[in-house]
Amino acid sequence: MRIPVIIDCDPGIDDVMALLFAFVRTELDILLITTEAGNQTQAKTTYNARSFLSYMNQEIEVARGLEQPLFQELEVAEDVHGESGLGDVIFPEPDFEESSRSAIQALYERITKSPEPVVLIATGPLTNIGALFLAHPEVKAKIRYISFMGGAAVGGNMTPTAEFNVYVDPHAADIVFRSGVPIVMSGLDVTHKAFLDESDLKEIEEIGTELSDRLVELMKFYRRAAKQTAFHEEGFATNIRLHDLCAVAYVVEPNLFQGDDCYVAIETEGKLTKGTTVVDYTQSLPYPKNVHVLHTVKRKEFVDRFIEAIQKAEQLIKGGKRDV
Ligand code: BDR
Ligand code: CA
């Protein structure tokens, strides 16, 4: 049986890589895609989702999320993802409209109607999911777990300690992390190990299709913004980190990853630490473990699966609608 999933995303260059991977993995039954304001404004991320889905021949409902984080102003990542949110790459105009339902309404209805509990894959700020839990707390019982790209046990990418998706809406993240729904966190600890190096990029270039050309262009754009981090990784300036792909890959191939169960809390106030995921590896706080925190990935296998996905995605573009 296929795994019913909903993808909440803010495309976003690495979000698009994650979507592509999800489209080709037939283990997944994608019920809905909802969009977050994050890497770019809500209007842009929703447009990007629709245009990428159209390009990939996917017939999946796309529902627009909230325009702003719950209790603060939106900060977009234009320096990393560009003015459009997808670097300099232009995908064709979308060939379908966005849903007439809001993301919150669509999430609520899809989750409640699903006969099986749903896996939520979240690759942007958690605004929609936080708002959903406030408005309809009963849906929590129908969510198997949330596979979330965000946070970091050690070292952020927006501030010294905060990762972008949590930093943009820490209050929503706080609601979600305290919700009692199981969470698998692909934070920077693991996503910085989930990278493409120069030779992987060359391998993708050699596929030589219009899709692979576009992906390579996107990734080269993305790489320009690579920052030094607490990880001191070799090749940090040339490696391309596929953050969001981890959250999808975990759902289909959890064995590629390793992690630990920990108590994790969100810092919503700290003068220097707002948006930090406080990961209690030391077990010094008297609270139950609420998150499975990933820290390791089998990089070679992970990259191989991604490259296979790019090759297979060609069939989707050439007309084969996804088997829905
Ligand atoms: C996360 O922030 C966004 O810019 C990426 O799409 C990813 O979801 C990485 O910190
Ligand atoms: Ca993202």
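Everything numeric here is computed off the predicted structure, so don't read it as measured data.

Cut-offs applied
Residues numbered from 1 in each chain as written. Chains lettered and ligands numbered in written order. Predicted model: local features only at pLDDT ≥ 70, side-chain atom pairs only at ≥ 80, totals over all residues. Heavy atoms only, no water. Axes fitted to C-alpha atoms, helices over the stretch in contact; angles between N-to-C directions. Helix = DSSP H or I, 4+ residues; strand = E, 2+ residues; numbered from the N terminus. Parallel < 35°, antiparallel > 145°, perpendicular 65-115°, else oblique. Left-handed = near helix turned anticlockwise from the far one by under 90°. Contact = heavy atoms within 4.5 Å. Nonpolar A, V, L, I, M, F, W, Y, C, P; charged D, E, K, R; others polar. Pairing = 2+ DSSP bridges. Donors = N, O, S within 2.8 Å, 3.2 Å for Na, K, Ca; no water. Buried < 20%, exposed > 50% of the residue type's maximum accessible area, 1.4 Å probe, protein only.

1. Overview of the packing of helix 5 (residues 127-135) against helix 7 (residues 170-177)
Line of reasoning, step 1. It is the contact of helix 5 with helix 7, at a shortest axis distance of 8 Å, that shows an interaxial angle of 55°. The pairing of helix 5 with helix 7 is recorded here as oblique in orientation. Judged by the twist between their axes, the crossing of helix 5 over helix 7 is left-handed. Judged by residue contacts, Thr-127, Ile-129, Gly-130, Phe-133 and Leu-134 of helix 5 engage Ala-172, Ile-175 and Val-176 from helix 7.
Line of reasoning, step 2. Here the contact of helix 5 with helix 7 is composed, by residue class, of six nonpolar, two polar and no charged.

2. A look at the sheet that holds strand 1 (residues 3-9)
Line of reasoning, step 1. Ordered by their spatial adjacency, eight strands build an open sheet running 3-2-1-4-5-6-12-9, and the pairing between neighbours is mixed. Both edges of this open sheet fall to strand 3 (62-63) and strand 9 (257-262), since each of them pairs with a single strand only.
Line of reasoning, step 2. The sheet contact formed by strand 1 and strand 2 (residues 28-35) spans seven bridges and is parallel. The residue bridging Cys-9 from the neighbouring strand is Thr-35, located in strand 2.
Line of reasoning, step 3. With respect to the sheet, helix 4 (residues 103-113) is in contact with strand 1, strand 2, strand 3, strand 4 (118-122) and strand 5 (143-149), its orientation differing from that of strand 2 by roughly 155°.

3. Overview of the pairing of strand 12 (residues 291-297)
Line of reasoning, step 1. Where strand 6 (residues 183-186) lies against strand 12, three bridges are found, and the strand directions are parallel. Note on strand 12: the bridge partner recorded for Met-185 is Val-293.
Line of reasoning, step 2. In the sheet, strand 9 pairs with strand 12 via six bridges, with the strands oriented antiparallel. Its bridge partner lying in strand 12, Phe-257 is registered against Val-297.

4. Remarks on the coordination of the calcium ion (ligand 2)
Line of reasoning, step 1. Every protein donor of the calcium ion (ligand 2) is accounted for by Asp-10 (OD), Asp-15 (OD), Asp-15 (OD), Thr-123 (O) and Asp-244 (OD), and the metal-donor separations fall at 2.2 to 2.6 Å.
Line of reasoning, step 2. Every donor residue of the calcium ion (ligand 2) comes from the same chain, spaced as D-x4-D-x107-T-x120-D. Of this pair, Asp-15 sits in helix 1 (residues 13-24) while Asp-244 sits in helix 11 (residues 243-252), and the two are 229 residues apart along the sequence. Of the two residues, Asp-15 and Asp-244, both sit in the buried class.

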